[in-house]
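Residue-level structure breakdown
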Amino acid sequence: MPITERVRLLRQQSLDARETLTSERAELLTAFYQQETGLLSTPVQRARAFAYILEHKHIAISPGELIVGEKGDAPKHAPTFPELCCHSLEDLDILDSREKTSFRVAPATRLAYEQTVIPYWRGRSMRELILSEMTEEWKAAYEAGIFTEFMEQRAPGHTVLDDKIYHKGMLDFQAEIERRLEQLDFLNDPLAYDRQQELRAMHIAAAALMRFAERYAALAAEMAAAEPHPQRRLELEKIARVCHNVPAHAPADLHEALQYYWFVHLGVTTELNTWDAFCPGKLDQHLLPFYDPAHRDEAEELLHCFWIKFNNQPAPPKVGVTAAESGTYTDFAQINIGGLRPDGSDGVNELSYLLLDVIEDMRLLQPSSSVQVSKKNPDRFVRRAARIIRTGFGQPSVFNSDLIVEELVRMGKSITDARCGGSSGCVEVGAFGKEAYILTGYFNLPKVLELALHNGLDPRTGRQLGPQTGDGRDFASLDEVFAAFERQMRHFLDIKVRGNQVIERLYAQHMPAPFLSLLTDDCIARGQDYHAGGARYNTTYIQGVGIGTMADALASIKKHVFEERTLSMAALLEMLAADFAGHERPRQMFLNRTPKYGNDDDYADDLMRRTFEAYLNAVDGRKNNRGGEYHVNMLPTTCHVYFGSVTGATPDGRRAGTPLSEGVSPVQGADRHGPTAVVRSVAKMDHVRTGGTLLNQKFTPQVLATDEGLDKFVQLVRTYFRLDGHHIQFNVVDAATLKAAQANPEQYRSLIVRVAGYSDYFCDLSKTLQDEIIARTEHEGF
Amino acid sequence: MQHGTIFDIKKYSIHDGPGIRTTVFFSGCPLACWWCHNPESHSPKPELIYRAARCQGCGACLAVCPQDAIAWGSEIGKVVTDREKCTRCRACVDICYAGAREFSGYSVTVDEVMAQVSREIPFYDQSGGGVTFSGGEPLMQPRFLAALLRACRAQEIHTAVDTSGFATWRVIERMRGDVDLFLYDLKHMDSARHCQVTGVPNELILDNLRRLSAKGARCLVRIPLIPGINDDAENLSASARFLASLPGLAGVELMGYHDLAQAKYQALGREYALPETKPPGEAEMQAAADIFKSIGIQVQISFGGAHAHHGTSQAAAPAVP
């Protein structure tokens, strides 16, 4: 079906809307905290703050809308969360004026911050609390760019909803909470009071969302009464009925199901600015009971409207390192299509294909979308997805559903919970609706190697950051180099983990999330918050960055210093210190006469594997304080650019300050034997023991131009998954187009490319990142 | 161990037979087609390639050349090589870390090739692919080719041989049983014209195809459509009539000429014979296909960017700077 005029206008409105910072939420929150006298438990206080915001925030229904509700006071208006990170006036000016991912800050917003928000929240935000609780060595490592910290400006989130809202209304949730309250055993359970407060907070939060929907129902009824156009009047009356029924009750039709989810989405992302926007997960399976093929066109229009809603919500405004590690408006809602059903059977249904149509029709940045490919899914489903990938806007990304189940089971999930899970954010796996899986930050592997080569000293700043693990000039074998690297790595991971053990407790104590909790099993049953171990599964991830750079750097050292002995460690370190100035010939030798990861060459691939195993062993299985464990992911978002900027020249011939390799992809341009060799190299990593890896491949459109090309592409993906690869994503665009876009951005505003786990407008990326994408190997001529 | 000379092994080859394939490019070709897209494959001996764009201008090659065959060129920081003086000693190639100087061909053993080929087995299995031997002309190294075919057969790997057909029947007959598919080029029906544009007459080529077809070998005939050379109605009708007279074929494919290989000629320091020729458009391709159709032969059309050695395909991407 061609998109309707209504959808065309709403989509255009979304595309045209300018990202704007709104102080509405910050002002309401401040007003609430100023009124409250403080005789409330923290969970109840947070729930009442949530209710206060939803009661008082501006609501509106745009012309033609069928799905209603915005996070801000208008499309693309981004609320702020001063209780987490209170932006200074300087921050606001930077946000307003910076070249990339800027947010308009109106004078009135700035004034509200100056007069109301900042005076109350300065000195009281989580960010300030967290930084004050971190050790000096943590701060030194953080500032040096050895790791980042996700929770510094955003709350833990990283979770996805399962199917529970499609058969339970908020009244049902409340009844469940009430039953649990009655069962509390104050005589024998020392935490009974804490549980009571948490459960009461959930009850308040559920009521708050129903009240919010009732406000929309009343507004829609009011607008209907005044609406001269009969068709629109009927629509508004329908909206009023929908908002009256959901979220209070289980949804009765597709319209109600989508509106219910959307209210829940707004609730979760208004309560806190959770990392990785909440997401409905396996939408094709959840919506199937509400789908009537006889009304396909209506269903498609509703889904279009639903899609546009996601695009209206830019990621929360971030500053500093956090902005650098995730420099995008995308908030990482990743809708999963296909994969497996809870009983392990093929999950592809007619809605899977309809959703793929919607993705192709909408071509929007958000929501992000992925196809979950199981060996049980039909090839024509993958081929349909490939046809969209071929159009070159980086969506959908492709995941190995069978491997995801295996990963989740290894991390302790039941087989059914694992099959209900999938991928979220960039590539991270989770048991949807049942797991709090927190990403805590990126870890800069090549920077740690740099410290290991300099006896723990950061050559960029001259500061001694790590332990003294030996003068790099004296290392006599690759084993000695690697031993120093491992010691440094463990040292900084200890610092990182210590910090996270504190930060997660700070969130548990100061920032409970009762609304998110009531949606997540088993927070109601346990009477515990999402942030405090209430979820059935509790995982903490640390994401390793730069493994391709590591493999190639170690290959250079092994081959040229210790095998061929063409230069000494001392000479190598001098070249790195000089950023290869005056050493172009050896640099060319490192670049072109060294085995490189990504070419199915065991020499370099073994070093990738060695680095991976060392990193995995240093992280995997550590206990977090929510009853769960630490695990690894291998993904960078945009952090490989930031990490590269703080890392000096590396022995693979990479110059100082330039990007590191991203995800598990080979170093940009180092893969010279095509995609099958890349896939074989990357599959030598044991993806099963990660919580997600990211592989980026760039194709020119010609490779996929014919049906035959498309089929072979599908077989390439299938083979990667047979070899237990986790995820692969494709940029289908030629370098000439990208260069043209860089030179004439206004002509290429709509050009969307795959960055790293998400798609973004090419012209919105930094010049460095643009250059990096251009440099990624093109499999031209294949 | 059987040795041979090849100039590339290309993985994820998707235009040279069914499924995902690995193409092994043999050095040396008895033909010299004007439009050849792998000019580095002509000589059975390694050919020096100079890619100016990669040259850092360090001068190491000038210093190391024992023949004084290398000198600074007119372009600043770039060098020129006197190919008459060059003895192919490799000294300059070994010292050129930037990869600006390379030899197109290198000697390999059957085991070395098979080590590369077998790594891709998961892709062949998944896609119904295999190995394509191309070139150059693989039949010019018959013992090496036969050994490779047998090695593939031993591992149940599907094989295709991409050939001009210019070889003695004895050579073809000997390995026919180990070839799953011939990709057989048909360039011109008039022997004199064939000789003019490829350097050899066509009788042997046509005769071999007739015999293969009669023996029941699977042959996919591929016709490169080169504007001004073989795209006239007379030649196309003659080609169609010839193909119609054969007992059986696996298919016929028309491949549009493309002009992407000019940079390779530059890198080899050679003249390109068809500098003005433009790729045929969709209408021209369709018109040519219609001529075959009128005689009852279904043809598949593929455009530039595809295909085979003596036809239109390029071996390795790196030769285009």
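Everything quoted here is computed from the prediction, not taken from an experiment.

What follows covers a positive patch on the surface. Where like charges cluster on the molecular surface, the positive patch consists of B:R143, B:R150, B:R170 and B:R174. Counting residues per element, the ones that place at least two in the positive patch are α5 (142-154) and α6 (169-175) of chain B.

All names here are of chain A. Running from N to C, helix α19 (residues 445-453) and helix α23 (residues 547-563) point in directions that differ by 35°, and their axes come no closer than 8 Å. Facing L445, P446, L449 and L453 of α19, the residues of α23 in contact are I547, T549, M550, A553, L554 and I557. Of the residues that constitute the contact of α19 with α23, the class distribution is nine nonpolar, one polar and no charged.

The peptide bond linking A:Q366 to A:P367 adopts the cis configuration, its omega dihedral lying at -5°. The topology assignment puts A:P367 in the loop between α15 (350-362) and β4 (368-373). In this chain, A:D521 is followed by A:D522 through a cis amide linkage whose omega measures -5°. For A:D522, the location among the structural elements is in the loop between α21 (514-519) and α22 (523-526). Even without being glycine, A:F332 reaches a positive phi, approximately 65°. Looking at the element boundaries, A:F332 is found in the loop between α14 (320-325) and β3 (334-338). Of note in this structure, B:D68 is not a glycine but carries a positive phi near 55°. For B:D68, the location among the structural elements is in the loop between α1 (60-64) and β4 (70-72).

Quick look at the pairing of strand β12 (residues 629-633) of chain A now. Note on strand geometry: in a regular strand, side chains alternate between the two faces of the sheet. All names here are of chain A. Taking burial as the measure, the five residues of β12 include four buried ones, the bulk of the element. Bridge analysis of strand β11 (residues 537-545) against β12 gives five bridges, and the strand direction is parallel. Considered in β12, the bridge of T539 is made with E629.

Another aspect to go through is the confidence of the model for chain B. All names here are of chain B. With 93% of its residues at a pLDDT of at least 70, chain B reaches an overall mean of 89. In this model residues 305-321 is a low-confidence stretch, pLDDT under 50, and it forms 75 contacts with partners more than four residues away in sequence or in other chains. We note a pTM of 0.92 for the whole complex and an ipTM of 0.89 for its interfaces.

Counting 221 residues, the largest nonpolar core has A:M170, A:V264 and A:F443 as the members making the most contacts within it. Core analysis: the second largest hydrophobic core is formed by 56 residues, B:V113, B:A151, B:I205 and B:L246 among them.

A few words on the sheet that holds β12(A). Residue and element names in this part refer to chain A. Within the open sheet, the three strands sit side by side as β8-β11-β12. Their pairing is parallel. Edge positions in the sheet fall to β8 (435-444) and β12, since each of these pairs with one other strand and no more. In this sheet, neighbouring strand axes are inclined to one another by 30° on average, regardless of whether the strands run parallel or antiparallel. Packed on one face of the sheet, helix α20 (residues 478-510) meets β8, β11 and β12 and runs near 140° to β8.

Residue and element names in this part refer to chain A. Within the element layout of this structure, N311 appears in helix α13 (residues 296-311). Judged by relative accessible area, which is 4%, N311 ranks as buried. Reaching out from N311, the side chain makes a polar contact with the backbone nitrogen of Q366 at a distance of 3.2 Å. With residues up to four places along the chain from it excluded, the contact list for N311 reads S14, L15, K76, L364, L365 and Q366.

What follows is about the environment of A:N500. Residue and element names in this part refer to chain A. Inspection of the secondary structure puts N500 in helix α20. Judged by its relative accessible area of 0%, N500 is buried. Residues N500 and R473 lie 27 residues apart in sequence; the distance between their C-alpha atoms is 35 Å. In contact with N500, other than residues within four places in its own chain, are E149, M151, T440 and Y630.

Rules of the game
Residues numbered from 1 in each chain as written. Chains lettered and ligands numbered in written order. Predicted model: local features only at pLDDT ≥ 70, side-chain atom pairs only at ≥ 80, totals over all residues. Heavy atoms only, no water. Patch = residues over 30% accessible without salt bridge, like charges linked within 9 Å, V, L, I, M, F, W, Y side chains within 5 Å. Areas by Shrake-Rupley, 256 points an atom, 1.4 Å probe, with all protein chains shown as cover. Salt bridge = Lys/Arg side-chain N within 4 Å of Asp/Glu carboxyl O. Lys, Arg positive; Asp, Glu negative; His and termini not counted. Charge placed at Lys NZ, Arg CZ, Asp CG, Glu CD. Helix = DSSP H or I, 4+ residues; strand = E, 2+ residues; numbered from the N terminus. Axes fitted to C-alpha atoms, helices over the stretch in contact; angles between N-to-C directions. Contact = heavy atoms within 4.5 Å. Nonpolar A, V, L, I, M, F, W, Y, C, P; charged D, E, K, R; others polar. Buried < 20%, exposed > 50% of the residue type's maximum accessible area, 1.4 Å probe, protein only. Pairing = 2+ DSSP bridges. pLDDT = per-residue confidence, 0-100. Core = buried A, V, L, I, M, F, W, Y, C linked by side-chain atoms within 4.5 Å. Polar contact = N/O pair within 3.5 Å; in protein donor to acceptor, adjacent residues only side chain to side chain.

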